[in-house]
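# Tertiary structure, described
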Amino acid sequence: LVMFIAFVFIQPDLNPLYRFGSEYAVGRMGWLMKLAFFVWGAGLMSFAFAMAKGLDAESRSYAAIILFVIAAVGVFFGCVFDSDLQVINKNPPPLWIEPPASDEQILHASFGMVGLIGLMIGVGVASRRLRIAGRLSSQYRMLRPLSWLAPATFIAMATMFASYGFIGLGQRIFL
């Protein structure tokens, strides 16, 4: 989150309303965004291990743990392979001109989608499992409805925000 905000100032030539976060990993300061991806993947992996070790057998959801590991691996490999910079036609409405995707872009997008889908499903499974086991106290009861926001904002990003050219804004709301 800090890197997404910092890159507005680090690379002001890339407008965050129109640019994917992955596009900040390209260029002179790209190592900072790669570091952010690595830290995010390490956090997901740590969370999966914490769930595996910290929950009793009744509360533990192996499906959620596996999904968080898949999400972490997707984020790690999304970090390894760079995204291509997209070209935007600034005539109203701003539309993306899709250049032919490089092999690296295809791998980045594929691993990124696997990671994000694993994360969305993992959050839903974990919150459901913890609710069933009675491990969610009253202050965390809102986690279940919040777990539905991830797929909803992902769909909004892919449909509404993309069609109006504000894919960067949509991605930031989703994340």
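Right, let's walk through the structure included here. (Residues numbered from 1 in each chain as written. Predicted model: local features only at pLDDT ≥ 70, side-chain atom pairs only at ≥ 80, totals over all residues. Heavy atoms only, no water.)

## A look at the overall build of the protein
The cut-off we apply is this: Secondary structure follows DSSP: runs of H or I at least 4 residues long count as helices, runs of E at least 2 residues long count as strands, and numbering of each begins at the N terminus. Classification of residues uses two cut-offs on accessible area relative to the type maximum, computed with a 1.4 Å probe and protein chains only: under 20% is buried, over 50% is exposed, and between them is partly exposed. Note on areas: Shrake-Rupley with a 1.4 Å probe; residue coverage comes only from the protein chains shown.
Of the regular secondary structure elements, the protein holds 6 helices and 2 strands. Across the 175 residues in the protein, those meeting the buried criterion constitute 38%. If you sum the accessible surface of the protein, you get close to 10100 Å²; carbon and sulfur atoms cover 72% of it.

## Some remarks on the environment of Gln171
Here is the rule we go by: Any two residues whose heavy atoms approach within 4.5 Å at even a single point are treated as in contact.
One can find Gln171 in helix H6 (residues 167–174). Of the residues examined, Gln171 reaches a relative accessible area of 11% and is grouped as buried. A C-alpha to C-alpha distance of 7.6 Å links Gln171 and Phe154, two positions 17 residues apart in sequence. Apart from the residues within four sequence positions on either side, Gln171 is in contact with Phe4, Arg19, Phe20, Gly21 and Met157.

## Thoughts on the packing of helix H5 (residues 143–163) against H6
Applicable threshold: Here, axes are lines fitted to C-alpha atoms. For helices the fit covers the stretch in contact, and angles between N-to-C directions go from 0 to 180 degrees. Reported orientations rely on four angle classes, namely roughly parallel under 35 degrees, roughly antiparallel over 145, roughly perpendicular from 65 to 115, and oblique for the rest. Throughout, the ten residues Ala, Val, Leu, Ile, Met, Phe, Trp, Tyr, Cys and Pro are labelled nonpolar, Asp, Glu, Lys and Arg are labelled charged, and all others, Gly among them, are labelled polar.
Running from N to C, H5 and H6 cross one another at 175 degrees; their axes reach a closest spacing of 9 Å. Our classification of the angle between H5 and H6 gives roughly antiparallel. Facing Ala150, Thr153, Phe154, Met157, Phe161 and Ala162 of H5, the residues of H6 in contact are Ile167, Leu169, Gly170, Gln171, Ile173 and Phe174. Across the contact of H5 with H6, the residue classes break down as 9 nonpolar, 3 polar and no charged.

None of this, on its own, says anything about what the molecule does.
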